Structure formats: C-alpha cells, structure tokens
Amino acid sequence: MTSETPRKDAVHEAVATGIPTALADLGALVRIPSIAWPAFDQTQLQRSAEAVAALAEATGVFDRVEVKRSRIPGTEELGQPAVLATRAARDGRPTVLLYAHHDVQPTGDDALWETPPFEPTVRDGRLYGRGAADDKAGVMVHIAALRALREVVGDDLSLGVALFIEGEEEYGSRSFGQFLADNADALRSDVIVVADSGNWDATTPALTVSLRGNTRFTLTVRTLDHASHSGMFGGAVPDALLATVKLLATLWDDDGAVAVEGLVERDAQTPEYAEATLRGEAGLPEGVQTIGRGSILGRIWNKPSITVTGIDATSVAAASNTLAPEISVVVSARVAPGQRAEEAYAALETHLRAHAPFGAQLTFSDVDFGDAFLVDTSGWAVGLARTALAEGYGVEPVDIGVGGSIPFIADLVEQFPDAQILVTGIEDPHTRAHSPNESLHLDTFRRAVLSEALLLQLLDARTN
Ligand SMILES: [Zn+2]
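In this text the structure is predicted, and so the values were computed from the model without any measurement. (Residues numbered from 1 in each chain as written. Predicted model: local features only at pLDDT ≥ 70, side-chain atom pairs only at ≥ 80, totals over all residues. Heavy atoms only, no water.)

Can you explain the coordination of the zinc ion? Please cite residues and give values.
For the zinc ion, the full set of protein donor atoms is His 101 (NE2), Asp 134 (OD), Asp 196 (OD) and Asp 196 (OD), and the range of their distances to it is 1.9 to 2.7 Å. One can describe the site at the zinc ion as irregular: its four donor atoms subtend angles covering 51 to 147° at the metal. The sequence motif formed by the donor residues of the zinc ion is H-x32-D-x61-D. Residue Asp 134 is found in the loop between β5 (126-128) and α3 (136-153), and its partner Asp 196 is found in strand β7 (residues 191-198); the two are separated by 62 residues along the sequence. Both residues of the pair, Asp 134 and Asp 196, count as buried. (Donors = N, O, S within 2.8 Å, 3.2 Å for Na, K, Ca; no water. Tetrahedral: all angles 85-135°; square planar, octahedral: opposite > 155°, others 65-115°. Helix = DSSP H or I, 4+ residues; strand = E, 2+ residues; numbered from the N terminus. Buried < 20%, exposed > 50% of the residue type's maximum accessible area, 1.4 Å probe, protein only.)

Describe in detail the pattern of salt bridges, supporting the description with residues and values.
Opposite charge on two side chains makes pairing possible when the charged atoms of those side chains draw close. Going through the model one piece at a time under the given rule, you end up with 20 salt bridges. Asp 25 is the partner of Arg 147 in a salt bridge, and the nearest nitrogen-oxygen pair spans 2.6 Å. Of the two residues, Arg 147 is situated in helix α3 and Asp 25 in helix α1 (residues 5-30); the sequence distance between them amounts to 122 residues. Given the relative accessible area of 25%, Arg 147 is considered partly exposed. Its salt-bridge partner being Arg 150, residue Asp 155 comes within 3.4 Å of it at the nearest N-O pair. What emerges from the salt-bridge pattern is a single network uniting Asp 253, Asp 255 and Arg 293. (Salt bridge = Lys/Arg side-chain N within 4 Å of Asp/Glu carboxyl O.)

I'd love a proper account of the packing of aromatic side chains, names of residues and values included.
Evaluated as defined, the whole model comprises twelve aromatic pairs. When the ring of Phe 176 is compared with that of Phe 408, the centres are 5.1 Å apart and the planes differ by 40°; the resulting orientation is tilted. Here Phe 408 lies in helix α12 (residues 408-415) and Phe 176 lies in helix α4 (residues 176-182), a separation of 232 residues in the sequence. Given the relative accessible area of 2%, Phe 408 is considered buried. (Phe/Tyr/Trp six-rings, centres within 6.5 Å; stacked < 30°, edge-to-face > 60°.)

Break down the domain arrangement of the chain for me, citing the residues and quoting the values.
For the chain, the assigned domains read domain 1 (7-211 + 372-460) and domain 2 (215-266 + 303-369). The centre of domain 1, based on its C-alpha atoms, is set 37 Å off from the matching centre of domain 2. Taken together, the contacts link eight residues of domain 1 with seven residues of domain 2. Approximately 450 Å² of surface area, both sides summed, lies buried where domain 1 meets domain 2, with 58% of it carried by carbon and sulfur atoms. Connecting domain 1 to domain 2 are one residue pair in polar contact (both at pLDDT 80 or more). (Domains from an automatic or database assignment. Contact = heavy atoms within 4.5 Å. Buried area = accessible area lost by both parts, 1.4 Å probe. Polar contact = N/O pair within 3.5 Å; in protein donor to acceptor, adjacent residues only side chain to side chain.)

Let's hear about unusual backbone geometry: which residues, and what values?
That bond from Asp 134 to Asp 135 is cis: its omega, 5°, falls within 30 degrees of zero. With respect to the secondary-structure elements, Asp 135 resides in the loop between β5 and α3. Not every positive phi belongs to a glycine, and Asp 124 is a case in point at roughly 50°. Within the secondary structure layout, Asp 124 lies in the loop between β4 (121-123) and β5. Phi angles above zero are rare outside glycine, and His 434 is one such case at about 75°. Tracing the sequence through the fold places His 434 in the loop between β17 (420-427) and β18 (439-441).

Describe the sheet that holds strand β6 (residues 160-166), naming the residues involved and giving the relevant values.
Pairing within the open sheet is mixed, and its six strands lie in the order β1-β2-β6-β3-β7-β17. Looking at which strands have only one partner, the edges of the open sheet turn out to be β1 (64-68) and β17. Between one strand axis and the next, the sheet turns by 20° as a mean value, whatever way the strands run. Sheet topology note: the β1/strand β2 (residues 82-87) ladder contains five bridges and is antiparallel. In the strand pairing of β2, Val 65 is matched with Ala 85. Sitting on the sheet, α12 is in contact with β3 (95-101), β6, β7 and β17, with an inclination near 175° to β7. (Pairing = 2+ DSSP bridges. Axes fitted to C-alpha atoms, helices over the stretch in contact; angles between N-to-C directions.)

A description of the sheet that holds β18 should follow, citing residues and the corresponding values.
Pairing in this open sheet of three strands is antiparallel, and the strands run β4-β5-β18 from one edge to the other. The open sheet has two edge strands with one neighbour each: β4 and β18. Pairs of neighbouring strands in the sheet enclose a mean axial angle of 25°, with direction left out of account. When β4 meets β5, the two strands line up antiparallel, connected through three bridges. The residue of β5 that forms the bridge with Arg 123 is Arg 126.

So what's going on with the nonpolar core? Which residues, and what values?
Judged by nonpolar contacts, the single largest core of 64 residues is most densely connected at Phe 62, Val 96, Leu 440, Phe 445 and Leu 456. Sort the elements by how many residues they give to this core and α3 lands first, with twelve residues. (Core = buried A, V, L, I, M, F, W, Y, C linked by side-chain atoms within 4.5 Å.)

Put into structure tokens, the structure is as follows:
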C-alpha cells in the first residue's frame, strides 16, 4: 500500500457517487439535436455548446470558459461553436488537453430507430440516442472525471487543464486547424486525451494506436453526348453504366482485396479476432464470405479498402430502354497508416484513368483527404494511461488500431508536435455510432470515467 492508495480509493468513491448525475447530464445533452450539417437547424449547435460550457463552468475547475468559433479557411464563413475552458498549471505540474465533440451525425431513417433518436432511453444496460456514445459520452467522461478529481483533490489541484469540445467533428472539422492556430496558447499542453474512439469490447479497455486515413471523391463517367434508345444503338456504343461497372470492377481482385497499384499496406501484428465475431458484429450472414486477405484485423486496421458509397444513375422506378450518357459515383477509400491520403488519392486517380474502358471520359471532383495516424507509444503518458485503464476497468488494456479515421488528430500533431496523444473512448463493438439505434454501454461509461479520473490524478501528482 502506498500513500496514494487512500486518494485512489476516494477517486473510486467520488466517481461512483457522481455517475447518476453524469448520466442525467448526458441525457440532457442527447436531447439537443446538435447536427453539424447545414441542412439542419444550426441554432441547436449554439444551444449544445452553451449546455456544455455550463457543465464546464460548474465543475469549478476552470479559470475561463468560452464558446468560440473560428473562420473556415478560404471562406468568410465561421465554423460551428466550440467550448474552450482552461486553467493554468502550477507547481511544475503538466497541462492536459481534454478533447471531445458535441455535434452529432444526422439520424438517417427515423423509422429504423426503436426509440426516438433525441429521446435518451435506457434498455438492457445501454443508453440509446443519437450522440449517446459519439461523442456526448466523451464530453461527459471529461466532465465527470474532472468533477471527481475536484472533489478529491479540492484546492490542491495543480494540474493545468484545457477542455476543448468541438462542434463540427461530424462535418469535417472545417475550422479545426484555424481554431488550433487561433487558440494555440490556451490549448498548448503536455498530454492530449482524445475521447472519441472505442474499446476492444464493453469490458476490455483499449488505447487506439493507429488510425487509417481516408480519401473520398466523386467520379463522373461519360460515354455519350446524350441519351439514346437502347434498341437503336445498344450493342454498338457503350452506355455510361456499362463503362462505370467495368471500371469499378478493376479496383478489386476476385477475393475483394484492393487491386490498385500504389496503395500501400502496413505490416503489423494484430490481436486474435474470430471470423464468427466479425460475422456477429458486422451482421454478415452465413454463406456470405469475408473479403480480403490476411488476418481479419490486419485487413481493417493496416490495409487500404475501397467502397462505392453513392451512385447517381436512373432509379429503378424511372428505368426505361435508354443508354445512359453519364454516371457519377462517390468513391470512399480508407488509407493504411504510413501513407499520406493525398498520395493514395493520386494512386486511385492514376489507376482509374489507366483502366477507363472504351475511352470513357472521366472527371474527378469534390476530392477530400484525411491523413492516417500512428501514435508514438514511447512517451511516459502512455504508461500512466495504461495504469489508469487497467485500474479503472480491472482488465489490462490492449493496443488497437481503428479502421476509421479521425483526421483532426493529424492537425493536433502538426500544431502541437511535443504533446503526447492518448486516444481513448467509450464505444464498444455494439455502439453503432453514426447508425440508427446508437447506444452507450452504461458500465463502460462508468469504467471510462473512473479511468480518466485516475489518469488525471496521476497527472496532477506528476512533476515535470
Ligand atoms: Zn466522434
């Protein structure tokens, strides 16, 4: 037993006592439909930011709490409101930056929700609602951990804290880089905790150490100046859908692995993950095969993937005997850690131009990039985080990769190259972030709050 033990016990107790209030506050945040997409009521983002700012203010931890916006580079437009709360470090203690986002994805088809998306509902140990996990739970992990720390440490708290709750993560973080530049002094820190990822499962914590990047673009394929009767010219001239189908088919091998020269993969070990688990978690029916090669997690974490996510073509209802002159598709590719997104896009464009069938005319537009990321796990903060996660969950944490992207992490590293980044989160494989029936595992939430409170306590006790 060390002298830290009583204080650690006090953290456990303060977290446990604070959970019901934290969940009630989370429910109140979920009730605000803070969708960052322009087609939705933008005043909800201001409401949501103000609600988060009030929670930050009430922790009693901060010297200053503001709701702020930054300009979107290349436009006159302002980004969505973010919350920035700060307190200065003292007595040589480090400063930690706590990140989460208060905006949410649109709800999609409301009919697919078992309970209304903005009515927080508890069923079977999970809290359902849009943003209940991604990422309002991340917001509340920070708030609840700070409350517990404040309660245990009181006025002795010496840790510097910057709380940064973004308002447009789900809409491309368009003013993020500018926000970092505008507020660099307030955000500068020794350790950054990004609470927007997931865990191995609902009971096993994880540190996210690699993230794939992504590139997305619209490809338009034209083969004819105008539509024509398929009986008149079919068989002699190519319609655009024929050219598109043949062209897209060249992107994959027969086993579904990516077949584009110049897209790289990363060579790294992955934990055991059974095909049956994949089937259950992804909803892959018996008889439908997996795609790609190598270990399952290696395919998702360390190799590129290509998905066609949208297509503009004549609808089934409007189909007639016509040769379509032009088809547009959205191609969304995941980029392996170790390759720049821009380089991956260049490889894709070169491949598509080289394989255009029948001399079809290709146009590329709306190109978007997000870089992949590998966390440097050699710093002291990773050790503290592992200790805190092991204690908070009662299970040793695992290092995971994530097939998705958190492009803003590359911005953080660029702006604050000396900070150590810890990517944590509250999602589990059944969270369904971005989908209907998104939910938070309540026990995971409790363990995540406890882990973060323990981490903050360790940081507060550390002299640089
Ligand atoms: Zn998120």
